[in-house]
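# Descriptive analysis of the structure
Take a look at the letters that make up each chain.
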Amino acid sequence: MSGSYKGACFCGAVEIEVTGAPNAMGYCHCRSCRSWSGGPVNAFSLWSPDAVKVTKGAEHVATFAKTEMSHRQFCSKCGGHLMAQHPPLQMVDVFAATIPDLAFQPAVHVDYGETVLRMKDGLPKLKDFPAEFGGSGEMVPE
């Protein structure tokens, strides 16, 4: 999977483009992602920062950083979610729903220890994060 994929906020005032292939795709079950997304799980695609660019409406991109781990970005006009900068990981999570033409191919569930929606899909379920990203790397059952 490589190429270029375009996306936009809910109202279309902000447009983004991702290029290449994501470093990882999966589902996050943490309380923060659930609260932010308004859903029981958040589908993520992680990209190198240089693979993500705002192509229109950069002046409408607002940021909220509850923690240093996630600087969540959204459109200040419509509130539509765009992406989250993850400075400690040196990656950007472009929410899968923001780039509809990307063939979403999840490979892992993170923060499954906090889940409110069990998903029996055969993918690895991590209690928190992979060890290489500062988590325990501990697997939990489906």
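In what follows, the accompanying structure is described. The residue count restarts for each chain, going from 1 along the sequence in the order it is written. Reporting in this predicted model follows two pLDDT cut-offs: at least 70 for local features of residues, and 80 or more for side-chain atom pairs to be given and counted; totals over whole chains, interfaces and linings ignore these cut-offs and use all residues. Excluding hydrogens and water, the side-chain figures rest on all heavy atoms present in the structure.

### Examining the packing of aromatic side chains
Selection criterion: Ring geometry is summarised as follows: Phe, Tyr and Trp rings, the Trp one being its six-membered ring, pair when their centres sit within 6.5 Å, and such pairs are stacked at plane angles under 30 degrees, edge-to-face over 60 and tilted between the two. Here, a charge over a ring means that NZ of Lys or CZ of Arg falls within 6 Å of the ring centre while also lying within 35 degrees of the ring normal.
Tallied over the entire structure, the rule returns two aromatic pairs. Directly above the aromatic system of Tyr112 lies the positively charged group of Lys125, at a separation of 5.6 Å from the ring centroid.

### Quick notes on the nonpolar core
Rules: We define the nonpolar core as a collection of buried residues of types Ala, Val, Leu, Ile, Met, Phe, Trp, Tyr and Cys that are connected through side-chain atoms lying within 4.5 Å of one another. Working definition: with a 1.4 Å probe on protein chains only, accessible area under 20% of the residue-type maximum means buried, over 50% means exposed, and in between means partly exposed. Numbering of helices and strands starts at the N terminus; helices are DSSP runs of H or I of at least 4 residues and strands are runs of E of at least 2.
Core analysis: the largest hydrophobic core is formed by 17 residues, its most contacted members being Val18, Trp47, Val52, Met83, Val94 and Ile99. Where this core is concerned, the elements lending two or more residues are β2 (15–19), β8 (81–86) and β9 (91–94). One finds Cys28, Cys33, Leu89 and Leu126 within the second-largest nonpolar core, a separate group that totals ten residues.

### What about the sheet that holds strand β10 (residues 108–110)?
Sheets are built from strands paired through backbone hydrogen bonds, the pairs being either parallel or antiparallel. Rule in force here: Two strands are counted as paired when DSSP detects at least two bridges linking them. Lines fitted to the C-alpha atoms define the axes, with helices restricted to the stretch that makes contact. Angles between their N-to-C directions range from 0 to 180 degrees.
With mixed pairing, seven strands are arranged side by side in an open sheet as β6-β7-β8-β9-β4-β3-β10. Each end of this open sheet is capped by a strand with a single partner; those strands are β6 (61–65) and β10. On average, adjacent strands in this sheet sit at an angle of 30° to one another, irrespective of strand direction. Sheet analysis places strand β3 (residues 24–28) next to β10, joined by three bridges and oriented parallel.

### Structural notes on the environment of Gly135
Under the convention used in this document: Any pair of residues with heavy atoms lying within 4.5 Å of one another is described as a contacting pair.
When you line up the elements, Gly135 lands in the segment after β10. Distance from Gly135 to Asp93, taken between C-alpha atoms, is 17 Å for residues 42 residues apart in sequence. If we ignore the near neighbours within four places in the chain, the residues touching Gly135 are Asp128, Phe129 and Pro130.

### Concerning the side chain of Thr115
The condition is simple: Under the rule applied, a polar contact is a pair of N or O atoms within 3.5 Å (in protein, one hydrogen donor and one hydrogen acceptor; residues adjacent in sequence only if both atoms are side-chain atoms).
The residue Thr115 is located in the segment after β10 in this model. Residue classification places Thr115 among the buried residues on the basis of a relative accessible area of 14%. A polar contact of 2.8 Å, which involves the side chain of Thr115, links it to the side chain of His29. A polar contact is formed between the side chain of Thr115 and the backbone oxygen of Leu117, at a distance of 2.9 Å.

### Notes on the pairing of β8
Here strand β7 (residues 71–75) pairs with β8 via four bridges, running antiparallel. Note that in β8 the partner of His71 across the bridge is Gln85. The antiparallel hairpin formed by β7 and β8 contains five residues in its connecting segment, where Gly79 sits at a positive phi of about 80°. Where β8 folds back on β9, the antiparallel hairpin that results is connected by four residues, among which Gln90 adopts a positive phi of roughly 55°.

### Thoughts on the state of the cysteines
Selection rule: Here, the term disulfide refers to a pair of cysteine sulfur atoms separated by no more than 2.5 Å.
For the structure shown, the criterion picks out zero disulfides. As a non-bridged cysteine, Cys11 has Cys78 as the owner of its nearest cysteine sulfur, 3.7 Å distant. The class of Cys11 is partly exposed, set by a relative accessible area of 43%. With no disulfide of its own, Cys30 has Cys28 as its nearest cysteine by sulfur position, at a separation of 3.6 Å.

### Details of unusual backbone geometry
Phi is positive for Gln90, which is not a glycine, with a value near 55°. Note that Gln90 resides in the loop between β8 and β9. If you check the backbone angles, Asp111 has positive phi at about 55° while not being a glycine. Residue position: Asp111 is located in the segment after β10.

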